[in-house]
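Each chain is listed here by its residues.
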Amino acid sequence: MNNIAGRPLNGDVEDDDEDEANDDGLEAWERAYTEDRSWESLQEDESGLLRPIDTTAVHHAQYRRRLRALASNAATARIQKGLIRYLYIVVDLSKAASERDFRPSRMAVIAKQVESFIREFFDQNPLSHVGLVTTKDGVANCLTDLGGSPESHIKALMGKLECSGDASLQNALELVHSNLNQIPSYGHREVLILYSALSTCDPGDIMETIQKCKKSKIRCSVIGLAAEMFICKHLCQETGGTYSVALDESHFKELILEHSPPPPAIAEYATANLIKMGFPQRAAEGSVAICTCHEEAKTGGGYTCPRCKVRVCELPTECRICGLTLISSPHLARSYHHLFPIVPFAEISPSSQNDPSHNFTNTCFGCQQSLLSQGNKPELSVSCPKCKQQFCLDCDIYIHESLHNCPGCESFRHSKSVTSSQ
Amino acid sequence: MASAPSKHYTDDISLLVVTLDTNPFFWSTFSFHFSDFLSQVLAFLNSILLLGQLNQVVVIATGCNSCSYIYDSSSDRNHASTNGTMPALYSNLLHNLDEFAAKDHQFTTDHKPPTVPSSLLSGALSMALCYIQRAFRAGPMHPQPRILCLHGSTDGPEQYVAIMNAIFSAQHSSVPVDSCYIGSNNSAFLQQASYITGGIYYRPPQLEGLFQYLSTVFATDLHSREYLRLPKSLGVDFRASCFCHKQTIDMGYVCSVCLSIFCEHHDKCSTCSSVFGQAQSDVASADSRKRKAS
């Protein structure tokens, strides 16, 4: 009953679905029983009735645990973040990447997750650059050069990628090292290796290469898809990166997306520098100019480089004629929340809400949802240490992961006076 | 930027979150009276609820010292008006608005602001986005949310980072932010907000006809917008202002550590105190030597 192998990797699945149902002798509803085991997602409640498992409570508990772990690790000193990042993603295309323990195959899962990672990465780090390197048959090749826009990388990923041979960790590191030596000194150098093989086929001493990377201040992180390897662990420890091994597809997605926010910067790694940048104006609607990216005449809707006055189509980019980095102020603003993070909210246990000395409301300040569960019992909620407003757990997750503003602190001009008058 | 795409669920039911500017410092010096403005806005909100039975309207008042929810059409705390002279929406909203204005006034008397303060748009946008996230959590069939800012006060530069955070979060969740700006000069923050999120920015030329502008430009749901000719955004200024003189510049220098913008070359960044062109470890050891000596 192995119908996973027959499913195509990409392309249209709608036409093939009906054929598959007839071919394998299993209807779609029967497949749901063999694959999804839908009866496992039910549980009994207090009166013995069946209901689906409530995942929100689990989700909240996981979030609070993760926050507590982060808070205990955070140093008291102000941590700087490396905002201008030059990241190489090394994708292992050895024979081990065609294994089917990740459905449909490790390579397909990697390609899909790297695509969403690249989009998220450019969203959070608009001034950074990404390059792709692949390793197979014992050698490493550059798939795409360091570039500041996601489209070229995603196009290369979506092309045909074949897996064969052995992976070579040392060759990949040597290639990345020689490419990263050419970047400006204010950039933070990083490598993310997605390793599915359990061995590496190296021409020389990999320990020397690791020392070379450490001396060039390249931060190497590895995500393994098979099992933990000593050499990867050693590499990450030496260069200050993180090593993790993915358990399944969703865990892999989580692990790779953890690398999109800027990592804490080790201060000696990059020199501070003033980078000359241009802030182009949008061209008038009816103007006609030849754009430098597509080399054809275009009307309206582009940007004019302030130094050499040529037209570019989109931002952020580097002017092809004079080399000036062109960005708009919202791109810089996307990184400001890394510099001004909001404090984690403090938990309020349900028992202390009955305490009359504190002024507890029954509704979340952000979304006006009631903080009482059925039966008028107070649920777990959180409050901001600065403005003392109460929030529900869903708002807490949203505020810290997406919004980066505390609605309470933003809604009261004189927050200290609020607490003192209450 | 293209207008926000409509998703394929209940495509013509809207959840409209309105942030209403109630800054008394602005309204006291403005030529149009707040009561006339409010009567047109209330008629508009009522018309939104009439357009579809499942439409929802939420109003957040943006004061100069605080923000608060003053009306939620889906809440069960709305009462019908006692003597039946006005619709329930009017009586509930006006009652809550009176309470809010009194509290806001109390904050003002406690702290005299040095200059004319701006209203707290960042707080109102943050609260609106939290409410919209709650609507998203309600299940697969939920109304399409959008935010409408009825705003007149000038931009407060101290709110820049918070407003940009809110705008990016709205863009990420595909929530368009429309702005109907009634002040004298165009508001750069609201223009950027509408441009980035795919909403409409419009400054009505004649405020006596405000209801007409509101109902023809801002009342349509997101799905129907592609069939209408709506005001296009012209001339959004994306240039940055330098941190030293606050002038808009089109070429400048950016600190690689803290992303502060300067118009001329400096030796040291005024925001993060990084010395330029020198490895950070030299600076750190110099500081630690100073600390040990003192």
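Residues numbered from 1 in each chain as written. Chains lettered and ligands numbered in written order. Predicted model: local features only at pLDDT ≥ 70, side-chain atom pairs only at ≥ 80, totals over all residues. Heavy atoms only, no water.

Tallying secondary structure elements over chain A gives 14 helices and 21 strands in all. Here chain A holds 422 residues, and the buried ones make up 44% of them. Taking the intrachain contacts of chain A between residues at least 6 apart in sequence as the baseline, contacts between residues at least 24 apart amount to 63%. Total accessible area on chain A is roughly 21,700 Å²; 50% of this is exposed by carbon and sulfur atoms. (Helix = DSSP H or I, 4+ residues; strand = E, 2+ residues; numbered from the N terminus. Buried < 20%, exposed > 50% of the residue type's maximum accessible area, 1.4 Å probe, protein only. Contact = heavy atoms within 4.5 Å. Areas by Shrake-Rupley, 256 points an atom, 1.4 Å probe, with all protein chains shown as cover.)

What follows covers the overall build of chain B. If you tally the helices and strands in chain B, you get eight helices and 10 strands. The buried share of chain B, reckoned over its 294 residues, is 52%. Residue pairs at least 24 apart in sequence account for 64% of intrachain contacts in chain B once pairs closer than 6 positions are excluded. When the accessible area of chain B is evaluated, it comes to approximately 13,800 Å², of which 53% is carbon and sulfur surface.

What describes a pair of aromatic rings is the distance from one ring centre to the other and the angle between the planes of the rings. Residue and element names in this part refer to chain A. For the coordinates displayed, the defined rule picks out 16 aromatic pairs over all chains. A centroid spacing of 6.1 Å and a plane angle of 90 degrees characterise the contact between Phe 365 and Phe 391, whose relative ring orientation is edge-to-face. Here Phe 391 lies in strand 21 (residues 390-391) and Phe 365 lies in the loop between strand 17 (346-348) and strand 18 (372-373), a separation of 26 residues in the sequence. In this structure, Phe 365 and Phe 391 share a single accessibility class: buried. (Phe/Tyr/Trp six-rings, centres within 6.5 Å; stacked < 30°, edge-to-face > 60°.)

Turning our eyes to something else, we now look at the sheet that holds strand 17 of chain A. Residue and element names in this part refer to chain A. Within the open sheet, the three strands sit side by side as 17-20-21. Their pairing is antiparallel. Each of the sheet's edge strands pairs with one partner strand only, and the pair in question is strand 17 and strand 21. Bridging between strand 17 and strand 20 (residues 381-383) involves three bridges; their strand directions are antiparallel. The partner of Ile 348 across the bridge, within strand 20, is Ser 381. (Pairing = 2+ DSSP bridges.)

Further remarks concern the pairing of strand 3 (residues 67-72) of chain B. Residues and elements named next belong to chain B. Of all six residues in strand 3, five are buried; the element is thus mostly enclosed. Examined bridge by bridge, strand 2 (residues 56-62) and strand 3 share five bridges and lie antiparallel to one another. Bridged to Val 59 within strand 3 is Tyr 71.

The subject of this paragraph is the nonpolar core. Formed by 107 residues in total, the largest nonpolar core has its most connected members in A:Ile193, A:Tyr195, A:Leu332, A:Phe391 and B:Ile147. Considering every element that reaches this core, the biggest residue donor is helix 4 (residues 121-137) of chain B, with 10 residues. Residues in contact with B:Ile147, not counting those within four places in the same chain, are B:Val17, B:Thr19, B:Leu125, B:Ala128, B:Leu129, B:Ile132, B:Val175, B:Pro176, B:Val177 and B:Asp178. Listed in part, the 35 residues of the second largest apolar core include B:Leu16, B:Leu93, B:Val217 and B:Phe218. (Core = buried A, V, L, I, M, F, W, Y, C linked by side-chain atoms within 4.5 Å.)

Residue and element names in this part refer to chain A. Within the fold, Ser 128 resides in the loop between helix 4 (106-124) and strand 4 (129-136). Judged by its relative accessible area of 1%, Ser 128 falls in the buried class. Looking at Ser 128, its side chain comes within polar contact range of the main-chain oxygen of Leu 83, at 3.4 Å. Discounting chain neighbours no more than four positions away, the residues touching Ser 128 are Leu 83, Ile 84, Arg 85, Phe 121, Phe 122, Gly 147 and Gly 148. (Polar contact = N/O pair within 3.5 Å; in protein donor to acceptor, adjacent residues only side chain to side chain.)

Time to look at the interface of chain A and chain B. Listed as interface residues are 61 residues of chain A and, on the opposing side, 65 residues of chain B. Broken down residue by residue, the surface that chain A buries against chain B is led by A:Leu274, A:Phe279 and A:Arg413, which jointly contribute 15%. Linking chain A with chain B are two salt bridges, by the criterion used here. Across the pair A:Asp394 and B:Arg137 runs a salt bridge whose closest N-O atoms are separated by 3.4 Å. Remark: the boundary between chain A and chain B carries 20 residue pairs in polar contact (both at pLDDT 80 or more). Counting only elements with at least two residues in the side of chain A that touches chain B, the list comes to helix 4, strand 9 (274-278), strand 10 (281-282), helix 10 (329-333), helix 11 (336-339), helix 12 (393-403), helix 13 (407-411) and helix 14 (415-421) of chain A. The residue makeup of the side of chain A that touches chain B, split by class, is 30 nonpolar, 19 polar and 12 charged. Both strand 9 of chain A and strand 9 (residues 251-255) of chain B contribute to a ladder of five bridges, which runs antiparallel. (Buried area = accessible area lost by both parts, 1.4 Å probe. Salt bridge = Lys/Arg side-chain N within 4 Å of Asp/Glu carboxyl O. Nonpolar A, V, L, I, M, F, W, Y, C, P; charged D, E, K, R; others polar.)

Let us look at the domain arrangement of chain A. Taken domain by domain, chain A consists of domain 1 (79-269), domain 2 (277-339) and domain 3 (346-413). Each of domain 1 of chain A and domain 3 of chain A has a C-alpha centre, and these two points are 40 Å apart. (Domains from an automatic or database assignment.)

Attention now goes to the pairing of strand 2 of chain B. Residues and elements named next belong to chain B. Burial runs high along strand 2: seven of the seven residues are buried. Neither face of strand 2 is open: one carries Gln 56, Val 58, Ile 60 and Thr 62, the other Val 57, Val 59 and Ala 61, and all of them are buried. Across seven bridges, the pairing between strand 1 (residues 14-21) and strand 2 is parallel. Bridge pairing links Leu 16 to Val 57 in strand 2.

Where helix 12 of chain A meets helix 5 (residues 160-172) of chain B, the closest approach of the two axes is 10 Å, and the angle between their N-to-C directions is 100 degrees. Compared by their axis directions, helix 12 of chain A and helix 5 of chain B come out roughly perpendicular. Residues A:Tyr398, A:Ser402 and A:Leu403 of helix 12 of chain A form the contact with helix 5 of chain B, whose own contacting residues are B:Asn165, B:Ala166 and B:Ser169. Along the lines of polarity and charge, the residues of the contact of helix 12 of chain A with helix 5 of chain B split into three nonpolar, three polar and no charged. (Axes fitted to C-alpha atoms, helices over the stretch in contact; angles between N-to-C directions. Parallel < 35°, antiparallel > 145°, perpendicular 65-115°, else oblique.)

Attention now moves to the environment of B:Phe107. Mapped onto the elements, B:Phe107 comes out in helix 3 (residues 88-110). Under the relative-accessibility criterion, B:Phe107 is labelled buried at 17%.

Take helix 5 (residues 150-158) of chain A next. One full turn of an α-helix is made of 3.6 residues, so residues set three or four places apart face in the same direction. Residues and elements named next belong to chain A. Turning to helix 5, its buried residues number three or more, namely Pro 150, His 153, Ile 154 and Leu 157. Projected down its long axis, helix 5 carries its buried residues within an arc of 95 degrees, all on one side. Close packing links the buried residues of helix 5 with helix 4, strand 4 and strand 5 (139-147). (Arc of directions from axis to C-beta.)

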